[in-house]
Structures are given as structure tokens and as C-alpha cells.
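Each chain, written out:
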Amino acid sequence: MAVDDRSEAIVKTFAVKPKLKPTTNKSTPTPESKYWKSFKPKQTQTLVSSITSLSFSPAAPHDFAATHSATVTIFSSQTLEPKSTISSFKDTATSACFRSDGQLIAAGSYSGQIQVFDPKKRTALRRFRGHSRPVHFVSYPRVDKLHLFSGGDDAVVKYWDVSSETLIHNLIGHKDYVRCGDGSPASDDMFITGSYDHTVRVWDVRVSNQGSMMNINHGAPVEDVIYLPSGGLIATAGGNNVKIWDVIGGGKLLHSMESHNKTVTSLCVGKIGKDSGEFANQYRILSVSLDGYLKAFDYSTLKITSSIRFPSSLMSVAFSPDCSTRVVGTSNGVLFAGKRKTDENLGSVKSEWGKYVGFGAIDEPEKRVLRPSYFRYFHRGQNEKPSKGDYLIMRPKKVKLAEHDKLLKKFHHKEALVSALRAKNPENIVAVMEELVSRKKLLMCVSNLGVDELGLLLSFLQKYSTMPRYAGVLIALAKKVVENRADDISGSEELKGHIRNLKRSIMEEIRIQQSLQEIQGIISPLLKIAGRR
């Protein structure tokens, strides 16, 4: 029995390992992540509504177009400011695309119409009417200037002749909305389209009567699709993942990137500039999502090389052909555009100036470094910048308090309310009232007010009670003031006058609200009729 007890004790005994504390390993930024973050996003413009597409001109100086609401706005890639606005759309504009020489721009719209414009004159040169539902993508081939292909909610892909303004082919195969497409860099006769039926189809207009050449199932509604620069690979975006397919190999899936938390909305190809060391002239896939992240994906090593967070959901992204500008469009109409600063421009300016002077490049003289062994080190001025190893002691900034804040800190509640009323700042007065409500002292302060101070309060209530911003607090307070100080009000003609003015303003506000409701009742049936059309 003793042996059995001992064996049971041995079985129940085990070594307890201490819990490991998580270590904070701050990963150092790689050269490539520094490169992508050097495009510091600047909020250049807040447009009317969601930015549905962004597109750069292939020709210098590579201006870019943004579609939003019923407008196409063309921005300068140098100043990032609007150059021209095209507003000849009857409904929401979509999918602006420049021709290969940058002289024309085509765009679709929810009305089902496609228009071709001259960016300088802003007049429609061609109008294509063939889609019965909203058009979601329009694109020129990479080099061809005479044709367009488009797709929309009617599930039909159309191939157009721009010069004669006629339809050449109706390409039927998709079973749901066609949302995106891209032209092949290898041949102007080939292009791909993506649809909400989860498929991507490869088309060749030379054999259009045979249907699509290839059908690829992405597994989710396809939001965007692009050709990679070689022409043999394509990238598709749908759901929260981006997939890379080998078209030459029969539509074989090569990799699936699932780093986004929400739907991926747009893709583009970005090229790393020449001055970036070992990564120079390499291509990356840039993807944006409703989770607010922009991610750069190296499809040669199948790794994410950069991830940048934006403050709102992202709808579109584009990268300039000269690798100098990156633009991102959001769902609330904010356009984030960033230009990359390089030292080449600064160096060229110095060298050119040196040539004029006759001394070559101009170098700044080296400053003498102060060391603790020097006497002047201890007599540095306030404008001296700290060195890398210095320990900084920040002097706390004094916060200036208003008079009512000082009184609230001393718990002088009535005096704080009177001080705020005399200052005549409505925001401060309402803030003091809310603080007194949280301390449960507001009604006590009102009951202790003198006649003159009560007049100040009634004058304030008469002026601001009908403002929607303050009405929630002040209407309830006015009711309590009239109930608690009825005797004082009836004994003073001045206070009676304030009450009459308060009643008059409230009755006027009620009359205005009734008129607005009558107008709303007239307009709402008209809006419903207009919505059906």
C-alpha cells in the first residue's frame, strides 16, 4: 500500500514552468519600408463624395484624374492642386482612364453612358450609349488609341471604336455585375475583366465569337483586377485577399495574400525608383482596403514589404509612372497625395549654381563641435539644439484657467455660474451648467441667485434656448427656473419682461418648426417620385 501511495504521489507531482513575459521586439524599418513611407501622405483635397477611381496620365508631367460624385477632377502631379474639373455627367462618374498619349480621357457613369473628353477643353468629344445599367469600368488599351473596352452592371463587356463612335463587340460570359478590368501589356487585343460572379475572364477581340479565352474563379466577388508588367501574371482582389494567377500556365493560382481585415477595394502596380539601392526598378503590388491600410506586396518573394495606416476606409489607389507621386482616395471624399522628396533635385541645383559661379558644387563649411571640455559648452543659448545623447528636461507649460474654472476648483459654484454668465460666452456657460449638473448643484445655484443675477440667466435662456446645439440643456433649465423662482419673477417687472421675451422666442421657434414640417410633407412625395425614375 505504501508503494501504491508513493506512485500516486509521483504521478500527481509535475514541474511548474514559470510564465514567459512577452518581450517587446521593435522591428527596425527596412530600407524598402522607409521608401514607401517617404511618400508622406498630405490631405490635399476634400471632395464631395467617395473617390471611386484614380488614374495617372502615361505622358509627362503625369497629371492624375479622380472621379467623385458626378465629376472628374484633374490634378497636377507637381503641385497636387486641381487643374480642371469636368462636370458634364448626369450621375456618379466612374473609372476615368487616360489614353496612351495623355491627350484624351474616358470615363463612365451610373447613367450607363461613356464619354471621351479633351482634358484641356473639358468638352465631350464622344458619347457611347450601349450599356443599360451603370458602367463601372472604362479603359483604353495600353498603346492603341482608337478603341475602348467597358463593363457594367448589365454583365456585358463592350468593345468600342472611338473614331466612329460605334460598338464593335458584345462580349457575353459574366453572370453578375462587371466591376473592373485591365488591358494586357503584351497585346492591345487582349484584356481581362472581373465580376461579382466571382470570376475573372480573359478576352481576345480577335476571337470574340468564341467567348472568353480563360475563366478564373477567385472565390469571392472581384473588386479589382490588374495585369502585372510581364503580361503573364494577373492579380485579383476580392473579399479580404489578393491572389496572383499565372495566365500563361492556364490560370494556375500562385499565391494568395490575406493580410487585410476587410474587403480589398483597389489594386495598382508601383515601381521603386532608381535611387533605392538593391530594390531599384522593382515592381510591387499596392492594395488598399476598407480597413484603412495600404500594403505593398513583393510578388517575387511573396512577402509584404510595407503597411501604412490611413484614418478612414480606402476606395482607390494610383502610382505615377515616374515613381514620384502616390495618391489614395477614401470613402469620405478625402484625397491623400504624397510626393517623394529626393536629394537628386537638391544636388542638381547646387551643382548648376556652382557651374555659374565657376567653383563646381558648393559645400557648406563644417561647424566646430562643442565638447564638455570647452568653456563655451556651458554657456550655450536657449536656441541651442540638443545633441543625440542629451537628456531633455521639459518645462511644464502653465495652463491659463478662466475665472469660472478657478471658482469651480474652489467649489464656489454660484460665483462660477455668475462669472460665466457675465463673460457671455455660450459654450463656456453651457459647459459650466453641465459641470454643475454632474455635481448636482445647478438647481441650488439657481435658487440662490439674486434678482440681477437671475436677470442675466433669463436673458441668456431667452437668447440661446431655441438653438439646437444648446436646446437639450437650456429648455429643461428654463422650466425649472420658472417653477422655482415664480415668486421672484412675479415681483419684478424686469424679470417679467425676460419671461415674455423667452415665451415669444419659443412660440416663434414652434411656428418655424411647423412650417418646416409642412414643407417636408410637400417635398417628400416629390422625392419618392424622382427616386423611382
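All figures in this text were calculated on a predicted structure; none of them were measured in a lab.

1. As for the sheet that holds strand β16 (residues 199-204)
Strand pairing within a sheet occurs via backbone hydrogen bonds; the two strands may be parallel or antiparallel.
Part 1 of the argument: A sheet is described by the order of its strands in space; here 4 strands give the open sequence β14-β15-β16-β17, paired in antiparallel fashion. At either end of the open sheet lies a strand with only one pairing partner, and these are β14 (178-183) and β17 (214-217). When the angles between neighbouring strand axes are averaged without regard to direction, this sheet yields 20°.
Part 2 of the argument: The pairing of strand β15 (residues 190-195) with β16 spans 5 bridges and is classified as antiparallel. If you follow Ile 192 over to β16, its bridge partner there is Val 202.

2. Regarding the sheet that holds strand β7 (residues 105-109)
Part 1 of the argument: One open sheet holds the 4 strands; their spatial order is β6-β7-β8-β9, and the pairing between them is antiparallel. One side of each edge strand has no neighbouring strand; the edge strands of this open sheet are β6 (93-98) and β9 (124-129). When the angles between neighbouring strand axes are averaged without regard to direction, this sheet yields 20°.
Part 2 of the argument: Note: β6 against β7, 4 bridges, orientation antiparallel.

3. Observations regarding the confidence of the model for the chain
Part 1 of the argument: Summing up the model confidence of the chain, the mean pLDDT is 81 and the portion of residues at 70 or higher is 86%.
Part 2 of the argument: Every residue in residues 1-25 scores below 50 in pLDDT, and together they form 0 contacts with partners more than four places removed in sequence or on other chains.
Part 3 of the argument: Every residue in residues 344-364 is under pLDDT 50, and counting partners more than four places away or in other chains gives 10 contacts.

4. With respect to helix α11 (residues 493-532)
Part 1 of the argument: Under the 1.5 Å per step criterion, the end-to-end length of α11 is 59 Å for 40 residues, consistent within 8% with the ideal 58 Å.
Part 2 of the argument: Taken together, the buried positions of α11 are Leu 495, Gly 497, His 498, Leu 502 and Ser 505.
Part 3 of the argument: Buried positions along α11 lie against α8 (451-464), α9 (471-484) and α10 (486-490).
Part 4 of the argument: Measuring from the side-chain oxygen of the N-cap residue of α11 to the backbone nitrogen of Glu 494 gives 3.5 Å; that N-cap residue is Ser 492.

5. So, a nonpolar patch on the surface
Part 1 of the argument: A surface patch of nonpolar side chains, about 740 Å² in accessible area, is lined by Ile 512, Leu 516, Ile 519, Ile 522, Ile 523, Leu 526, Leu 527 and Ile 529.
Part 2 of the argument: With respect to the helices and strands, the residue Leu 527 is situated in helix α11.

6. Details of the environment of Leu 286
Part 1 of the argument: Relative to the assigned elements, Leu 286 resides in strand β23 (residues 283-289).
Part 2 of the argument: On the accessibility criterion, Leu 286 (1% relative accessible area) is buried.
Part 3 of the argument: Sequence spacing of Leu 286 and Ser 307 is 21 residues, and the spatial spacing of their C-alpha atoms is 9.8 Å.
Part 4 of the argument: In this view, Leu 286 contacts Trp 36, Ser 266, Leu 267, Cys 268, Gly 270, Leu 294, Lys 295, Ala 296, Val 317 and Phe 319; residues no more than four positions away in its chain are not counted.

Criteria and thresholds
Residues numbered from 1 in each chain as written. Predicted model: local features only at pLDDT ≥ 70, side-chain atom pairs only at ≥ 80, totals over all residues. Heavy atoms only, no water. Pairing = 2+ DSSP bridges. Helix = DSSP H or I, 4+ residues; strand = E, 2+ residues; numbered from the N terminus. Axes fitted to C-alpha atoms, helices over the stretch in contact; angles between N-to-C directions. pLDDT = per-residue confidence, 0-100. Contact = heavy atoms within 4.5 Å. Expected span 1.5 Å × (residues − 1). Buried < 20%, exposed > 50% of the residue type's maximum accessible area, 1.4 Å probe, protein only. Polar contact = N/O pair within 3.5 Å; in protein donor to acceptor, adjacent residues only side chain to side chain. Patch = residues over 30% accessible without salt bridge, like charges linked within 9 Å, V, L, I, M, F, W, Y side chains within 5 Å. Areas by Shrake-Rupley, 256 points an atom, 1.4 Å probe, with all protein chains shown as cover. Salt bridge = Lys/Arg side-chain N within 4 Å of Asp/Glu carboxyl O.

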